[in-house]
Amino acid sequence: MSFILYRNGAVSLRNAEIARIFYELAELHEFRGDDFFKIRAYRNAAKVLAGLNEPVEEIKKKVDLKKIPGIGKNIAKKIEEILLTGRLQKHEELLREVPQGVIEIMSLPGIGPKRASMLLEKLNISNPEELAEAALAKRVRGLPGMGVKLEMDIIRNVEMIKRRSGNVLLATARELAAELTEYLNIISSVTRVEVGGSIRRWRETVGDIDLVVEAEDASMVFDAVKSHPRIKEAAKIVENRARFHTWWGIDVELEIVPEEMFFLALHKSTGSKKHLSRLQEILGAKGVDFAHSVIERTDAVHDEGDIYAALGMSYIPPEIREDRGEIESAINDRLPQLVEQSDIIGDLHIHTTWSDGVATIEQVVKRAKEKGYKYLAITDHSQSLKIAKGLSLEKLKKQHREIRMMNEKFSENNEDFRILTGMEVDILPKGDLDCPDEILEETDIVVASVHSAFRQDRETMTGRIISAINNKNVDIIGHVTGRLLGRRDEYALNLERVLDAAAACGTILEINSSPDRLDLNDINARLAKDKGIKIAVNTDAHDLKRMDEMPYGVAVARRAWLEAGDIVNTMPLEKLLLYLDEKNK
DNA sequence: GCCGTTTTCGGCCCGACTGTTTTCAGTCG
């Protein structure tokens, strides 16, 4: 039997891991106050690497890495070193020089390299905990340029980091879970593997990876897992259960079960705890013991549907097992027909090389067609977002002309595909838009988003977004609450009023599929649906790979109980354009 | 660091906001 995938101890790093080394390299150089352009080059290379469609190792076999835009002689050499040795000497050198915790300090809002290095130098602070302590002891305010407000921010933001600790983004967990699943599947005694727990429910962040494995010999499976390169050590092994620490900082929990118990175990693993206990409670009230009544018929359980059927209710998809009314609905056979990935036939928020994306219009269109989409909106940034190479009005017009020409070609060739002209227009601090109305008017899809002045007070921010909603040329509000999971809380906002305004104007709200945004979240998206607001599930992709993140947005939609009819990019093009037309009157 | 050439070095990076000031440095997107 061969379950060792990786020979000679050489672990092939994934693009994301290589990218992470360059991101860190950039931060280390930044702390040292090194050349801005070098730092930017590293960051850019990291972004490019993370966005590649194919493992860089495979690409290297075919072409010179220097051919990839953003990768030059030096970075190519560094990549080769990483591929060969799994490490980068320069990176490790700097890590020895700069305390690890200092990098974490720099990730706190309001603290950059200058302040981090002053804190280290003057107060000998080298990690977030020490910094929070110093802030509590009112020692930070003694330093030049730092005051009471910053101390309060520090205390709050270190708290935010702590809350995050132990949790990773769903996308990270899914990636590792998929790799382990694939690995387990080649072990001969394993007949079935499923990912359970909060990953299966598509929660936005998860604490650990739960795997349910159907196999005869638990110890054999555990031995194999121990030798997987992502596994650091076994934390606990008791009978048919084991917990492992991984190098990625997230734990893996394995449960080995015989065939007849597989779906019961998967169901239990999937949870949520609230869902399971509510199930117990409701059935208990009817005098049915949930566990007992099902287990008596294990031979009749061939999937989870059988479990719910045995309990006298319709099947409840994992995403909505949160005790938010799904059990009552299932008993009355009134569950929604949740939207599916296959219902999505377009993406209405995409960036290209025209602004800060790394793929051309041609490339994203090709990818969209491969995905079976019927349309795509190109929505590059507007002029004032300089850092993201926002388009001047001239360039925007030029882009729209080019898109129209491409569309003409599609119709000449009888191709059933359409590129929608679009833009992601900034909602400026005072609530006006970063583009004149006459241009917005002739643009197919206008996504309006906040990218600046995040710390306005609640009243101002609410008014700001509502005034964008009130502009009839705005079709979609992008990433409505502005949060970045684990990095930036949502801005102060009276969401209730924003939803009411969107409902009144017919303005579409976005579910942004980017795994670090997922914004609107499940709860807010469900509120929006209840008010009759239409939703667009968009990727906001800046490269080809991130166009694949649509399932994360769809999962949020499902967790929000949304059906295909609630989502505009399930509509055929004509219907979508009609909807926008009606709305804009 | 990369890139692009009028080929080997110069250009690439910008404006607003914030908290601290009292004229601005640092941070951010």
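Residues numbered from 1 in each chain as written. Chains lettered and ligands numbered in written order. Predicted model: local features only at pLDDT ≥ 70, side-chain atom pairs only at ≥ 80, totals over all residues. Heavy atoms only, no water.

- In the annotation of an unreviewed UniProt entry, chain A is listed under the name DNA polymerase beta and assigned to Pelotomaculum isophthalicicum JI.
- Under the UniProt heading Subcellular location (unreviewed entry), the note attached to chain A is "Cytoplasm".
- Listed in UniProt under the heading Cofactor (unreviewed entry), the comment for chain A reads: "Mg(2+)". (UniProt positions renumbered as here; feature names shortened; annotations may be inferred.)

### Here we look at the UniProt feature "domain: Helix-hairpin-helix DNA-binding motif class" (unreviewed entry) in chain A
(1) Moving on: Under the UniProt annotation, "domain: Helix-hairpin-helix DNA-binding motif class" (unreviewed entry) lies at residues 63-82, 103-122 and 138-157.
(2) Moving on: Within the segment residues 63-82, helix and strand shares are 50% and 0% respectively, and the terminal C-alpha atoms sit 17 Å apart.
(3) Moving on: As a span, residues 103-122 carries 70% helix and 0% strand, and end to end its C-alpha atoms are 17 Å apart. (Helix = DSSP H or I, 4+ residues; strand = E, 2+ residues; numbered from the N terminus.)

### Regarding the protein's contact with DNA strand B
(1) Moving on: Contacts to DNA strand B come from 35 residues, most closely from Tyr-42, Gly-110, Gly-112, Gly-147 and Lys-149.
(2) Moving on: The sugar and phosphate moieties of DNA strand B supply 65% of its atoms located within 4 Å of the protein.
(3) Moving on: A distance of 2.6 Å is found between a phosphate oxygen of DNA strand B and a backbone nitrogen or oxygen belonging to Gly-112.
(4) Moving on: At 3.3 Å from a phosphate oxygen of DNA strand B is found a main-chain nitrogen or oxygen belonging to Lys-114.
(5) Moving on: Contributions of two or more residues to the surface near DNA strand B are made by helix H2 (36-50), helix H4 (73-85), helix H7 (113-123) and helix H9 (148-164).
(6) Moving on: The leading source of residues in the surface near DNA strand B is H2, at six residues.
(7) Moving on: By residue class, the composition of the surface near DNA strand B is 18 nonpolar, eight polar and nine charged. (Near = heavy atom within 4 Å. Polar contact = N/O pair within 3.5 Å; in protein donor to acceptor, adjacent residues only side chain to side chain. Nonpolar A, V, L, I, M, F, W, Y, C, P; charged D, E, K, R; others polar.)

### Concerning the environment of Thr-85
(1) Moving on: Looking at the secondary structure, you find Thr-85 in helix H4.
(2) Moving on: We classify Thr-85 as partly exposed; its relative accessible area is 48%.
(3) Moving on: A polar contact of 2.8 Å, which involves the side chain of Thr-85, links it to the backbone oxygen of Glu-81.
(4) Moving on: In this structure the side chain of Thr-85 is engaged in a polar contact, spanning 3.0 Å, whose partner is the backbone oxygen of Arg-87. (Buried < 20%, exposed > 50% of the residue type's maximum accessible area, 1.4 Å probe, protein only.)

### Side note on a positive patch on the surface
(1) Moving on: Residues Lys-47, Lys-389, Lys-395, Lys-397, Lys-398, Arg-401 and Arg-404 make up a contiguous surface patch of positive charge.
(2) Moving on: The element best represented in the positive patch is helix H19 (residues 393-412), accounting for five residues.
(3) Moving on: Owing to a relative accessible area of 37%, Arg-404 belongs among the partly exposed residues under this scheme. (Patch = residues over 30% accessible without salt bridge, like charges linked within 9 Å, V, L, I, M, F, W, Y side chains within 5 Å. Areas by Shrake-Rupley, 256 points an atom, 1.4 Å probe, with all protein chains shown as cover. Salt bridge = Lys/Arg side-chain N within 4 Å of Asp/Glu carboxyl O. Lys, Arg positive; Asp, Glu negative; His and termini not counted. Charge placed at Lys NZ, Arg CZ, Asp CG, Glu CD.)

### Details of the layout of surface pockets
(1) Moving on: Of the voids in this model, the second largest pocket is the one considered here, and its volume is about 410 Å³.
(2) Moving on: Surrounding the second largest pocket, 20 residues form its lining, Gly-197, Asp-210, Lys-268, Ser-269 and Lys-273 being those nearest its centre.
(3) Moving on: When contributions to the lining of the second largest pocket are tallied by element, the ones reaching two or more residues are helix H11 (197-200), strand E4 (208-215), strand E7 (251-257), helix H13 (262-270) and helix H14 (273-285).
(4) Moving on: Among the elements that line the lining of the second largest pocket, the one with the most residues is H13, at four residues.
(5) Moving on: Classifying every residue of the lining of the second largest pocket gives five nonpolar, six polar and nine charged. (1 Å grid on protein atoms, 1.4 Å probe; cavity = no way out; pocket = protein on both sides within 12 Å on 5 of 7 lines; lining within 4 Å. Points joined across faces, edges and corners; volume = space filled by probe spheres on them.)

### A few points about helix H23 (residues 522-530)
(1) Moving on: Of the positions making up H23, those classed as buried are Asp-522, Asn-524, Ala-525 and Ala-528. Viewed along the axis of H23, the buried residues span an arc of 165°, placing them on a single side of the element.
(2) Moving on: Between a side-chain oxygen at the N-terminus of H23 and the backbone nitrogen of Ile-523 the separation is 3.2 Å; the capping residue is Asn-521.
(3) Moving on: With its phi angle positive at about 80°, Gly-532 sits one or two positions after the end of H23. (Arc of directions from axis to C-beta.)

### Notes on unusual backbone geometry
(1) Moving on: Backbone torsion omega between Gly-271 and Ser-272 reads -5°, so that peptide bond is classified as cis.
(2) Moving on: Looking at the element boundaries, Ser-272 is found in the loop between H13 and H14.
(3) Moving on: One non-glycine residue, Glu-239, lies in the positive phi region at around 50°.
(4) Moving on: With respect to the helices and strands, the residue Glu-239 is situated in the loop between strand E5 (231-238) and strand E6 (241-246).
(5) Moving on: For Glu-239, a relative accessible area of 70% translates into the label exposed.
(6) Moving on: Not every positive phi belongs to a glycine, and Asp-323 is a case in point at roughly 55°.
(7) Moving on: Note that Asp-323 resides in the loop between helix H16 (304-310) and helix H17 (326-331).

### Notes on helix H21 (residues 458-470)
Structural remark: α-helix, 3.6 residues per turn; residues separated by three or four positions point the same way.
(1) Moving on: Given a rise of 1.5 Å per residue, 13 residues ought to cover 18 Å, and the 18 Å separating the end C-alpha atoms of H21 matches this to within 8%.
(2) Moving on: Residues of H21 that are buried: Met-461, Thr-462, Arg-464, Ile-465, Ile-466, Ala-468 and Ile-469.
(3) Moving on: Elements in contact with the buried residues of H21: strand E11 (445-449), strand E12 (476-477) and helix H22 (495-505).
(4) Moving on: If you check the start of H21, you find a side-chain oxygen 3.1 Å away from the backbone N of Glu-459, and it comes from Asp-457. (Expected span 1.5 Å × (residues − 1). Contact = heavy atoms within 4.5 Å.)

### With respect to the confidence of the model for chain A
(1) Moving on: Taken as a whole, chain A shows an average pLDDT of 89; of its residues, 96% reach a score of 70 or greater.
(2) Moving on: Low confidence marks residues 1-11, where pLDDT is under 50. Its contacts with residues over four positions away, or in another chain, come to 20 contacts. (pLDDT = per-residue confidence, 0-100.)

### With respect to the sheet that holds strand E13 (residues 508-512)
(1) Moving on: Within the open sheet, the seven strands sit side by side as E8-E9-E10-E11-E12-E13-E14. Their pairing is parallel. What marks the edges here is a single partner per strand, and that holds for strand E8 (346-350) and strand E14 (535-538).
(2) Moving on: In this sheet, E13 lies alongside E12 in parallel orientation, the contact comprising two bridges. Counted as the bridge partner of Ile-477 is Leu-509 from E13. (Pairing = 2+ DSSP bridges.)

### Thoughts on the sheet that holds strand E2 (residues 190-195)
For sheets, the rule is that strands pair by backbone hydrogen bonds, running either parallel or antiparallel.
(1) Moving on: Across the sheet, which stays open at both edges, the five strands sit in the order E2-E4-E7-E6-E5 with mixed pairing between neighbours. On the outer flanks of this sheet lie E2 and E5, each paired with one strand and no other. Mean inter-strand twist for the sheet, computed between neighbouring axes without regard to direction, equals 25°.
(2) Moving on: In this sheet, E4 lies alongside E2 in antiparallel orientation, the contact comprising five bridges. Across the sheet, Glu-194 pairs through a bridge with Val-212, a residue of E4.
(3) Moving on: Strands in contact with helix H12 (residues 218-226) are E2, E4, E5, E6 and E7; relative to E7, the strand with the most contacts, it is inclined by about 155°.
(4) Moving on: Set on the sheet, H13 makes contact with E2, E4 and E7; between it and E4 the angle comes to about 175°. (Axes fitted to C-alpha atoms, helices over the stretch in contact; angles between N-to-C directions.)

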